[in-house]
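Examining the three-dimensional arrangement
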Amino acid sequence: MSDIVVERAYVQSLPKYITLCERNYLRALKVLPQEEHGAQRAIELANVHYVIEVQGCARYTTDITIKQTSVSSEFFPNLHLSVRLYHDAKVAEVIHQDYHQRIKPSYRYPNPNMHQKDEKYQINAFLADWLMACLESGKTPLNWDVNNGLV
């Protein structure tokens with residue numbers, strides 16, 4: 001007797017993903033430079049230097065890039081993330097990673113680029129970890145008043 005194995009397609013947990021993006025939004029506001037095109041903020045984390053730069057501001061969105069400006073190891077590529085903050089929904093998500101095309105919500109596996117099934121979630125979880133590390137032990141002035149003076 002043979003058993004038939006049926007592979008289920010990956011289904012992302014939307015509440016889990018939205019919660020992650022909401023937390024990323026709140027953390028990103030604390031390290032964000034002034035919201036004007038070209039504004040930058042330097043961050044040092046574990047002797048590695050990063051720059052957060054505002055790429056564009058619109059009424060409901062702000063696009064930022066997070067770039068690693070110093071080499072941490074010859075074996076690891078430098079970090080480059082493009083993040084979009086949606087002010088009306090109060091979420092932040094990674095839209096590009098390392099100059100690649102847009103990140104799809106999920107990928108079939110295996111695929112030619114060897115993306116994981118939940119690549120989008122993993123990259124946003126990495127952003128959450130990176131932002132937490134910046135807030136806990138990074139060397140940068142922080143914006144603690146994220147409500148613009150409102151309680």
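Residues numbered from 1 in each chain as written. Predicted model: local features only at pLDDT ≥ 70, side-chain atom pairs only at ≥ 80, totals over all residues. Heavy atoms only, no water.

1. Examining the sheet that holds strand β1 (residues 40-45)
Strands pair in a sheet through their backbones, by hydrogen bonds, and they do so in one of two ways: parallel or antiparallel. A sheet is described by the order of its strands in space; here five strands give the open sequence β1-β2-β3-β4-β5, paired in antiparallel fashion. Looking at the sheet topology across the chains shown, the edges are occupied by β1 and β5 (91-97). For this sheet, the mean angle separating the axes of adjacent strands, direction not counted, is 25 degrees. Pairing of strand β3 (residues 61-68) with strand β4 (residues 80-86) involves seven bridges; the strand directions are antiparallel. In the sheet register, I66 faces β4, and the bridge partner there is L81. The strands touched by helix α1 (residues 14-31) within the sheet are β1, β2 (48-57), β4 and β5, with β5 carrying the most contacts at an inclination of about 90 degrees. (Pairing = 2+ DSSP bridges. Helix = DSSP H or I, 4+ residues; strand = E, 2+ residues; numbered from the N terminus. Axes fitted to C-alpha atoms, helices over the stretch in contact; angles between N-to-C directions. Contact = heavy atoms within 4.5 Å.)

2. Some thoughts on the pattern of salt bridges
Pairing of side chains with opposite charge becomes possible as their charged atoms draw close. Tallying each qualifying case throughout the model produces two salt bridges. In this structure, D63 engages R84 in a salt bridge whose closest nitrogen and oxygen atoms are separated by 2.6 Å. Remark: R84 occurs in strand β4 and D63 occurs in strand β3; sequence separation between them is 21 residues. A salt bridge links K120 to E93, with the shortest nitrogen-to-oxygen separation between them at 3.6 Å. Residue K120 is found in helix α2 (residues 119-137), and its partner E93 is found in strand β5; the two are separated by 27 residues along the sequence. Taken as a pair, K120 and E93 share a single burial class, namely buried. (Salt bridge = Lys/Arg side-chain N within 4 Å of Asp/Glu carboxyl O. Buried < 20%, exposed > 50% of the residue type's maximum accessible area, 1.4 Å probe, protein only.)

3. Topic: the packing of aromatic side chains
Within the structure shown, the criterion is met by two aromatic pairs. Consider the rings of Y17 and Y121, whose centres lie 6.5 Å apart with planes at 50 degrees: the pair is tilted. With Y17 in helix α1 and Y121 in helix α2, this residue pair connects regions lying 104 residues apart in the sequence. The burial state of Y17 is the same as that of Y121; both residues are buried. Ring geometry for Y50 and W130: centres 5.2 Å apart, planes at 80 degrees, overall edge-to-face. Of this pair, Y50 sits in strand β2 while W130 sits in helix α2, and the two are 80 residues apart along the sequence. Overall, Y50 belongs to the buried group, its relative accessible area being 10%. (Phe/Tyr/Trp six-rings, centres within 6.5 Å; stacked < 30°, edge-to-face > 60°.)

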